[in-house]
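Working through the structure, step by step
If you want the building blocks of each chain, they are given just below.
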Amino acid sequence: MLNTLKSYAVEHKVPIICDQGLEFLLNTIKENHVKSVLEIGTAIGYSALQMESLGCYVDTFERNKDMINLAKKNFKLYDENHRIRLIESDALTYQSDLKTYDLIFIDAAKAQYQKFFDIYEKYLNPGGVIVCDNLAFHHLDINKVNRNTRQLLKKLEMFITYLKNHDQYDTKFYDLGDGMSISRKKII
Ligand code: SAH
Ligand code: MG
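A quick note: this is a predicted structure, and the numbers were derived from the prediction, not measured. (Residues numbered from 1 in each chain as written. Chains lettered and ligands numbered in written order. Predicted model: local features only at pLDDT ≥ 70, side-chain atom pairs only at ≥ 80, totals over all residues. Heavy atoms only, no water.)

1. A word on the overall build of the protein chain
- Summing up its helical and strand segments, the protein chain has six helices and seven strands in all.
- Taking 16 Å as the expected radius of gyration for a compact globule of 188 residues, we find that the protein chain reaches 16 Å, a close match to that expectation.
- With the C-alpha coordinates of the protein chain rotated into their principal frame, the extents come out at 45 × 40 × 30 Å.
- Relative to its full complement of 188 residues, the protein chain shows a buried share of 50%.
- Pairs at least 24 apart in sequence give 64% of the contacts found in the protein chain among residues at least 6 apart.
- Split by element, the accessible area of the protein chain, about 10300 Å² in all, is 50% carbon and sulfur. (Helix = DSSP H or I, 4+ residues; strand = E, 2+ residues; numbered from the N terminus. Rg over C-alpha atoms; globule rule 2.2 N^0.38 Å. Buried < 20%, exposed > 50% of the residue type's maximum accessible area, 1.4 Å probe, protein only. Contact = heavy atoms within 4.5 Å. Areas by Shrake-Rupley, 256 points an atom, 1.4 Å probe, with all protein chains shown as cover.)

Okay, structure coming up:
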């Protein structure tokens with residue numbers, strides 16, 4: 001049961017998607033008839049398994065050795081239909097080719113969102129969507145955080161501005177979960 005993974009994540013402070021964010025992501029998958037997903041940031045495999053349970057094929061990037069081992073174990077246990085492929089690599093330096101996808105889910109290092117977007121948007125199928133998680137970064141107050149976190153918040157702000165001004169994508173922002181967005185390529 002995926003609830004076991006959720007409890008594990010809470011106990012070990014693994015930042016998995018929150019319930020409200022997950023509901024939003026799964027609804028987006030259903031509404032857009034998404035069959036294939038590229039995920040950046042596997043962690044223990046919770047969101048990947050949730051998407052797989054809707055019948056999606058999921059390719060998912062993870063760079064952290066401990067997380068890779070946990071994800072492998074969880075996929076062995078729960079991905080009975082072998083629809084998930086774990087790509088054990090840093091998504092910023094990965095070189096091999098990929099398929100194209102109906103949905104790209106960006107949920108990795110917050111400071112790198114723009115890079116992930118720019119590198120991977122070309123792997124989106126026509127009519128596909130790019131979903132980002134944690135854009136509100138736990139609703140932290142920029143005046144009450146340390147320097148590193150402030151830098152991170154500024155980077156996220158810059159990314160949000162980047163999405164708003166992107167001439168090839170229309171983006172909607174949702175103040176639910178930890179702040180999410182859906183970007184859809186404009187038809188030209
Ligand atoms: N999507 C998961 C949670 C992911 S947490 C869920 O909701 O269940 C973010 C993960 O992204 C961390 O495990 C971290 O190691 C990984 N990560 C961060 N930057 C990365 C990168 N550049 N390439 C691959 N993985 C990355
Ligand atoms: Mg997240």
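Next comes the rest of the description.
2. Points about the pairing of strand 6 (residues 169-174)
- Alignment of strand 6 against strand 7 (residues 180-185), held across six bridges, turns out to be antiparallel. Across the sheet, T171 pairs through a bridge with S183, a residue of strand 7.
- Linking strand 6 to strand 7, which pair antiparallel, is a turn of five residues; within it G177 sits at a positive phi near 55 degrees. (Pairing = 2+ DSSP bridges.)

3. Notes on the coordination of the magnesium ion (ligand 2)
- Protein coordination at the magnesium ion (ligand 2): the donors are D107 (OD), D133 (OD) and N134 (OD1), at 2.1 to 2.2 Å from the metal.
- Along the chain, the residues donating to the magnesium ion (ligand 2) fall in the pattern D-x25-D-N. Here D133 lies in the loop between strand 5 (124-132) and helix 6 (147-165) and D107 lies in the loop between strand 4 (101-106) and helix 5 (113-120), a separation of 26 residues in the sequence.
- Here D107 falls in the buried class, since its relative accessible area comes to 12%.
- The exposure class assigned to D133 is buried, which follows from its relative accessible area of 2%. (Donors = N, O, S within 2.8 Å, 3.2 Å for Na, K, Ca; no water.)

4. Points about the pattern of salt bridges
- All chains considered together, the criterion is met by nine salt bridges.
- Among the salt bridges present, the one from K6 reaches D19, with a minimum N-O distance of 3.1 Å. With K6 in helix 1 (residues 2-11) and D19 in helix 2 (residues 19-31), this residue pair connects regions lying 13 residues apart in the sequence.
- Put simply, K65, K72 and E88 are held in one network by salt bridges that share partners. (Salt bridge = Lys/Arg side-chain N within 4 Å of Asp/Glu carboxyl O.)

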